[in-house]
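Survey of secondary and tertiary structure
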Amino acid sequence: MWYAIISQDIENSLEKRMSARPAHLERLTALKDAGRLLIAGPHPAIDSNDPGEAGFSGSLVVAEFDSLESAQSWADADPYVAAGVYQQVIVKPFKKVLP
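This part takes up the packing of aromatic side chains. Any two aromatic rings considered together are summarised by their centre-to-centre distance and by the angle between their planes. Evaluation of the coordinates by the stated rule reveals three aromatic pairs. Counting every residue linked through ring pairs, the aromatic cluster contains Tyr 3, Phe 65 and Trp 74. Its end group placed over the ring of Trp 74, Arg 27 keeps NZ or CZ at 4.1 Å from the ring centre.

This next bit is on the sheet that holds strand S4 (residues 86-94). The four strands are arranged S2-S3-S1-S4 in an open sheet whose pairing can be described as antiparallel. Each of the sheet's edge strands pairs with one partner strand only, and the pair in question is strand S2 (37-44) and S4. Put simply, the sheet's adjacent strands are angled 10° from each other on average, direction ignored. Pairing of strand S1 (residues 2-9) with S4, which is carried by eight bridges, proceeds in the antiparallel orientation. Bridge pairing in S4 links Ala 4 to Lys 92.

For the rest of this paragraph, the subject is the nonpolar core. Core analysis: the biggest nonpolar cluster contains 11 residues, these being Tyr 3, Ile 5, Leu 28, Leu 31, Val 61, Ala 63, Phe 65, Ala 71, Trp 74, Ala 75 and Val 91. Only S1, helix H1 (14-33), strand S3 (56-64) and helix H2 (68-76) provide two or more residues apiece to this core. With three residues, the single largest contributor to this core is H2. Residues within four places of Trp 74 in sequence aside, it is in contact with Ile 5, Arg 27, Leu 28, Leu 31, Val 61 and Phe 65.

Turning next to the pattern of salt bridges. This structure, assessed with the given rule, holds three salt bridges. The residue Asp 33 makes a salt bridge to Lys 32 at a minimum N-O spacing of 4.0 Å. There is no split in this pair, since Asp 33 and Lys 32 are both exposed.

The end-to-end C-alpha separation of H1 is 27 Å, in line with the 28 Å expected for 20 residues at 1.5 Å each. If you look at H1, its biggest bend is around 55°, right at Arg 21, and the proline Pro 22 turns up within four residues after that. Buried within H1 are the following residues: Arg 17, Ala 20, His 24, Arg 27, Leu 28 and Leu 31. As for H1, its buried residues are in contact with S1, S2, S3, H2, helix H3 (79-82) and S4. Positive backbone phi, at 75°, marks Gly 35, one or two positions downstream of H1.

A few words now on the environment of Gly 84. As for its position among the elements, Gly 84 is in the loop between H3 and S4. Residue classification places Gly 84 among the partly exposed positions, given a relative accessible area of 24%. As for Gly 84 and Val 61, which are separated by 23 residues in sequence, their C-alpha atoms are 18 Å apart.

Take H2 next. Three or four residues apart is the spacing at which side chains of an α-helix point the same way, because the helix has 3.6 residues per turn. By the burial criterion, the buried members of H2 are Ala 71, Trp 74 and Ala 75. End-on, the buried residues of H2 take up no more than an arc of 100°, which puts them together on one face. Elements in contact with the buried residues of H2: S1, H1, S3, H3 and S4.

Thresholds applied
- Residues numbered from 1 in each chain as written.
- Predicted model: local features only at pLDDT ≥ 70, side-chain atom pairs only at ≥ 80, totals over all residues.
- Heavy atoms only, no water.
- Phe/Tyr/Trp six-rings, centres within 6.5 Å; stacked < 30°, edge-to-face > 60°.
- Lys NZ or Arg CZ within 6 Å of the ring centre and 35° of its normal.
- Pairing = 2+ DSSP bridges.
- Helix = DSSP H or I, 4+ residues; strand = E, 2+ residues; numbered from the N terminus.
- Axes fitted to C-alpha atoms, helices over the stretch in contact; angles between N-to-C directions.
- Core = buried A, V, L, I, M, F, W, Y, C linked by side-chain atoms within 4.5 Å.
- Buried < 20%, exposed > 50% of the residue type's maximum accessible area, 1.4 Å probe, protein only.
- Contact = heavy atoms within 4.5 Å.
- Salt bridge = Lys/Arg side-chain N within 4 Å of Asp/Glu carboxyl O.
- Expected span 1.5 Å × (residues − 1).
- Bend = angle between axes of the 7 residues up to and from the residue.
- Arc of directions from axis to C-beta.

Structure representation (structure tokens):
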């Protein structure tokens, strides 16, 4: 089943984000290579594809896992969690309808 992992950043997270980004992307690439990643990306803090110093306010990952528990475990092990980037992470089932 698909699960949405919706994360909210702490204030001024950009420096921590950039530090942990390579390890974060490595995990996402592994999901992609396994055919289990639907979509992933950050939420710019301002209305721009390149928010610059404004940074990001959070992230969205939609990926396939065996259970809610395994999705939660994967989310809990994210390098952004360990680096203190996220203040909150919500994991919930997602039903893909379109496209």
